[in-house]
Amino acid sequence: MRVLVVAVGTRMPQWVAEGFEDYRVRMPRETRMELVEIKAEKRSSGMTAERAADAEAQRIRAALPKACLMVALDERGRNLSSEQFAAQFSQWRREGRDIAFVIGGADGLATDLKAQAAMLLSLSKMTLPHGLARVALAEQLYRAHTIVSGHPYHRA
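Everything quoted here is computed from the prediction, not taken from an experiment. (Residues numbered from 1 in each chain as written. Predicted model: local features only at pLDDT ≥ 70, side-chain atom pairs only at ≥ 80, totals over all residues. Heavy atoms only, no water.)

**Student:** In this structure, what is going on with unusual backbone geometry? I would like to understand it.
**Tutor:** For residues that are not glycine, phi is negative in most cases, and the peptide bond is trans in most cases. One non-glycine residue, A67, lies in the positive phi region at around 60 degrees. In this structure, A67 sits in the loop between helix 2 (49-63) and strand 3 (69-79). (Helix = DSSP H or I, 4+ residues; strand = E, 2+ residues; numbered from the N terminus.)

Given below as structure tokens:
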């Protein structure tokens, strides 16, 4: 099973790549975590936020594995505790499908892409920079794995 973090944006600071990689290598082989970067749509004077998000959504769909379970990150999504997220993640893993967590670009995700998601998930009620969201999501995925497996990493 693969866990994909599909994120719009390709030029993140080095600390983002290092932070994501740190949690990626901690995940067990049977739950490989991969980052798929999607090119952001160029913003111009004639480009509306909706059109940009739609163009990015096309690239996101092309990057998703067939029959994967898609979770869209959105500020208006469900805000779960680490324990609740671990329980949900465990349930998804039992289904045996690849899981794709999608992080949108500067204008968020297209409405129709969010409508296709199995869940809208919020990492925080606060707005996070996209790079930080990648690292925070990777850490929470690793934390979910440790909670489910009884590893002492999570000490709530």
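**Student:** Could you clarify how one ought to interpret the sheet that holds strand 3 in this entry?
**Tutor:** Strand pairing in a sheet takes place through backbone hydrogen bonds and is either antiparallel or parallel in direction. An order of 2-1-4-3-5 is seen for the 5 strands of this open sheet, with the pairing classed as parallel. Both edges of this open sheet fall to strand 2 (32-38) and strand 5 (119-122), since each of them pairs with a single strand only. Shown here is a sheet whose adjacent strand axes are inclined to one another by a mean of 30 degrees, direction ignored. In the sheet, strand 3 pairs with strand 5 via 5 bridges, with the strands oriented parallel. Bridge pairing in strand 5 places N79 opposite S122. Here helix 3 (residues 82-95) sits on the sheet in contact with strand 1 (2-8), strand 3, strand 4 (99-103) and strand 5, set at roughly 130 degrees to strand 4. (Pairing = 2+ DSSP bridges. Axes fitted to C-alpha atoms, helices over the stretch in contact; angles between N-to-C directions. Contact = heavy atoms within 4.5 Å.)

**Student:** Would you mind showing me how to read the layout of surface pockets here?
**Tutor:** A water-sized probe, rolled over the atoms, reveals where empty space remains. In this structure, the largest pocket occupies an estimated 420 Å³ of space. Lining the largest pocket we find 21 residues, and of these L73, D74, E75, L128 and H130 sit closest to its centre. Breaking the lining of the largest pocket down by element, the ones donating at least two residues are strand 3, strand 5 and helix 5 (130-149). Of the residues assigned to the lining of the largest pocket, the class counts are 9 nonpolar, 7 polar and 5 charged. Roughly 150 Å³ of internal volume is contained in the second largest pocket. Those elements giving two or more residues to the lining of the second largest pocket turn out to be helix 3, strand 5 and helix 5. (1 Å grid on protein atoms, 1.4 Å probe; cavity = no way out; pocket = protein on both sides within 12 Å on 5 of 7 lines; lining within 4 Å. Points joined across faces, edges and corners; volume = space filled by probe spheres on them. Nonpolar A, V, L, I, M, F, W, Y, C, P; charged D, E, K, R; others polar.)

**Student:** Honestly, helix 3 in this entry has me stumped. Any pointers?
**Tutor:** Compared with an ideal rise of 1.5 Å per residue, which puts 14 residues at 20 Å, helix 3 spans 20 Å between its outermost C-alpha atoms and is within 8% of the ideal. Where helix 3 is concerned, the buried positions are S82, F85, A86, Q88, F89, S90 and W92. Following helix 3 by one or two positions, G96 has its phi on the positive side, about 80 degrees. (Expected span 1.5 Å × (residues − 1). Buried < 20%, exposed > 50% of the residue type's maximum accessible area, 1.4 Å probe, protein only.)

**Student:** For this particular structure, what's the right way to read the nonpolar core?
**Tutor:** For soluble globular proteins, nonpolar side chains are generally found buried alongside one another. The biggest cluster of nonpolar side chains holds 28 residues, and the ones touching the most others in it are M33, V71, F85, F89, W92, F101 and L141. Secondary-structure elements contributing two or more residues to this core are strand 1, helix 1 (14-26), strand 3, helix 3, strand 4, strand 5 and helix 5. In terms of residue count, the dominant contributor to this core is helix 5 (7 residues). Here F89 is in contact with V3, M27, T31, I99, F101, L141 and A144, once residues within four sequence places are set aside. With 18 residues, the next largest nonpolar core counts L4, L64, A100 and L109 among its residues. (Core = buried A, V, L, I, M, F, W, Y, C linked by side-chain atoms within 4.5 Å.)

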